[in-house]
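# What the coordinates show
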Amino acid sequence: MNLNKAFKRSIARYLDGVGTKEMDNASEEPFTYTLETLEAIADTVLEERRTAKKKAAKKASRTKKKTEESDTDGE
Amino acid sequence: MANKKYAAIDGPIPGENLISDERNYPWRRAPDYTDLDEAMEFLLDTISEKPKLFAVFNALENEITVAQFSQTIVMSAMAQGRFTLDFALLLAGPLAKYISILAEGYDVDYDMGVETEYMYFPKELIDASQLDFELQQEMERTPEDEEEDVNEEAREGLMNAMKDESMDVASEEEQDSMLGYNEGEDEELV
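A quick note: this is a predicted structure, and the numbers were derived from the prediction, not measured.

Moving on, we come to the overall build of chain A. A tally of helices and strands in chain A yields three helices and zero strands. Along chain A, helices (α) and strands (β) appear in the sequence α-α-α when read from the amino end. Counting across all 75 residues of chain A, residues that qualify as buried make up 20%.

Now the structure itself:
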């Protein structure tokens, strides 16, 4: 089998949930990186981005308020 | 053109591969990771670094599929001697999933490059279906084979008729007479 095809097949099998079962059967200990655990790990990585986004949004709103206040004072 | 000529001169001599020392290539040595979980952890660590992560997203935005990219990462790790090719094949799936989740989180458009609804058939089922197919073919063939072949004799060679034992063969005396050998004539000559 072509190596590219083999990789595609392996990825498709994992996404369908068959690959993890096979890995569990092959090794003594079950494979920890299942679809669910991967999503949890990705969530922790993405959490930083979410908090950074929130902070940026807060900062933007504060600066907006300040500029509005300064405009009204000037008038 | 001139460069090509020089490159040809610098090229390997035929048979050089047979004497070159390849034992020290990373993929020839024992792999660094022999546990799937540890190998996966290594891959996740390398991917999660910010500059690399953005390089991944850049590639995905340039129409490189997740499957292709994960294959590249896994193969390069294998070339560095991190794990074996078997591990690379097994870890391509989790890595592709992880990349896709991160891409979704960062609002990056991506293409998996894989048919997601992959139909998995166990080997036993495939073997059984193959047997069934062969049986069916045999069942279909039998009525045709039973029909008499009308042109069978015509297709055989002319000399094939001589092989037939049922045909009458002339006795030796008859054969001699047919060839013109007669006992009486021989005696007269003497």
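Additional details are given in the paragraphs that follow.
A few words on the overall build of chain B. Counting its secondary structure elements, chain B contains 10 helices and zero strands. Ordered by position in the sequence, the α and β elements of chain B form the string α-α-α-α-α-α-α-α-α-α. Relative to its 190 residues, chain B shows a buried fraction of 18%. Long-range pairs, those at least 24 residues apart, make up 72% of the contacts in chain B between residues at least 6 apart in sequence.

Running from N to C, helix H1 (residues 3-15) of chain A and helix H6 (residues 85-105) of chain B cross one another at 55 degrees; their axes reach a closest spacing of 8 Å. With respect to H6(B), the axis of H1(A) lies oblique. Where H1(A) crosses over H6(B), the two elements pack in a sense that is right-handed. Along its contact with H1(A), which presents Ala6(A), Phe7(A), Ser10(A), Ile11(A), Arg13(A), Tyr14(A) and Leu15(A), the element H6(B) presents Leu89(B), Leu90(B), Ala92(B), Gly93(B), Pro94(B), Ala96(B) and Lys97(B).

With that settled, the discussion passes to the packing of helix H3 (residues 36-48) of chain B against H6(B). Residue and element names in this part refer to chain B. It is at 10 Å that the axes of H3 and H6 come closest, and there the two elements cross at 45 degrees. By the criterion of interaxial angle, the relationship of H3 to H6 is oblique. Seen along the crossing, H3 lies across H6 with a hand that is right-handed. Residue-level contacts link Leu36, Ala39, Met40, Leu43, Leu44 and Ile47 of H3 to Phe87, Leu90, Leu91, Pro94, Leu95, Tyr98 and Ile99 of H6. Split by residue class, the contact of H3 with H6 holds 13 nonpolar, no polar and no charged.

Let us now look at the interface of chain B and chain A. Listed by partner, the interface residues are 25 residues for chain B and 25 residues for chain A. Only H3, helix H5 (66-79) and H6 of chain B provide two or more residues apiece to the side of chain B that touches chain A. Element by element, the count of residues in the side of chain B that touches chain A is highest for H6(B), at 11 residues. In the side of chain B that touches chain A, the residues fall into 16 nonpolar, six polar and three charged.

With 13 residues, H1(A) should reach 18 Å at 1.5 Å per residue; the first-to-last C-alpha distance of 18 Å fits that figure. Considered for burial, the residues of H1(A) that qualify are Phe7(A), Lys8(A), Arg9(A), Ser10(A), Ile11(A), Ala12(A), Arg13(A), Tyr14(A) and Leu15(A). Check the buried side of H1(A) and you find it contacts helix H2 (18-26) of chain A together with H5 and H6 of chain B. Looking one or two residues beyond H1(A), the residue adopting positive phi is Gly17(A), at roughly 90 degrees.

This paragraph deals with the confidence of the model for chain B. Parts of the model with low pLDDT should not have their predicted coordinates read in detail. Residue and element names in this part refer to chain B. Per-residue confidence for chain B gives a mean pLDDT of 79, with 73% of residues at or over 70. Per-element mean pLDDT across chain B ranges from 57 in helix H10 (residues 183-189) up to 93 in H5. Both confidence scores are given for the complex: pTM 0.59, ipTM 0.71.

Reading guide: rules and limits
Residues numbered from 1 in each chain as written. Chains lettered and ligands numbered in written order. Predicted model: local features only at pLDDT ≥ 70, side-chain atom pairs only at ≥ 80, totals over all residues. Helix = DSSP H or I, 4+ residues; strand = E, 2+ residues; numbered from the N terminus. Buried ≥ 20, exposed ≤ 12 C-beta atoms within 10 Å, placed from the backbone. Contact = placed C-beta atoms within 7 Å. Axes fitted to C-alpha atoms, helices over the stretch in contact; angles between N-to-C directions. Parallel < 35°, antiparallel > 145°, perpendicular 65-115°, else oblique. Left-handed = near helix turned anticlockwise from the far one by under 90°. Nonpolar A, V, L, I, M, F, W, Y, C, P; charged D, E, K, R; others polar. Expected span 1.5 Å × (residues − 1). pLDDT = per-residue confidence, 0-100.

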